[in-house]
Amino acid sequence: MSMAVVGMIAGMALAFAGYFGGFGAFLLVAALGAVGFVVGRFLEGDMELGDFFRTRGERRR
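(A) Layout of the packing of aromatic side chains. The full count for this structure, using the stated rule, is 3 aromatic pairs. With centroids separated by 4.9 Å and ring planes inclined at 85 degrees, the aromatic side chains of Y19 and F20 adopt a geometry described as edge-to-face. Judged by relative accessible area, F20 falls into the exposed class, the value being 61%. On the numbers, 6.0 Å between centres and 25 degrees between planes, the contact of F23 with F26 is stacked. Within this pair, F23 and its partner F26 are both found in helix α2 (residues 23-44), separated by 3 residues, close to a single helical turn. Residue class for F23 comes out exposed when judged on its relative accessible area of 59%. Connected via pairs of aromatic rings, a cluster forms that spans F16, Y19 and F20.

(B) Layout of the environment of D51. Tracing the chain through its elements places D51 in the segment after α2. Overall, the relative accessible area of 29% leaves D51 in the partly exposed class. Each C-alpha atom of the pair D51 and G7 lies 24 Å from the other, and the pair is 44 residues apart in sequence.

(C) Structural detail: helix α1 (residues 3-21). Between its first and last C-alpha atoms α1 spans 26 Å; for 19 residues at 1.5 Å apiece the expected length is 27 Å, and the two agree. After α1 finishes, the residue G22 shows a positive phi value of roughly 90 degrees.

Thresholds, definitions, all that
Residues numbered from 1 in each chain as written. Predicted model: local features only at pLDDT ≥ 70, side-chain atom pairs only at ≥ 80, totals over all residues. Heavy atoms only, no water. Phe/Tyr/Trp six-rings, centres within 6.5 Å; stacked < 30°, edge-to-face > 60°. Buried < 20%, exposed > 50% of the residue type's maximum accessible area, 1.4 Å probe, protein only. Helix = DSSP H or I, 4+ residues; strand = E, 2+ residues; numbered from the N terminus. Expected span 1.5 Å × (residues − 1).

Below is the structure:
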């Protein structure tokens, strides 16, 4: 599945949540989607847990 299709599905989910549940539901779906994205990247190996806790000067190049 291409990233464009994934983005379209995420946008449709946010639109449905905003329409039927209001702004609070929209924010909840957006926040849970962001958490799911980060967890997915972590499980795929694209991110490391230390990436969240390093300062700017300690980043690898």
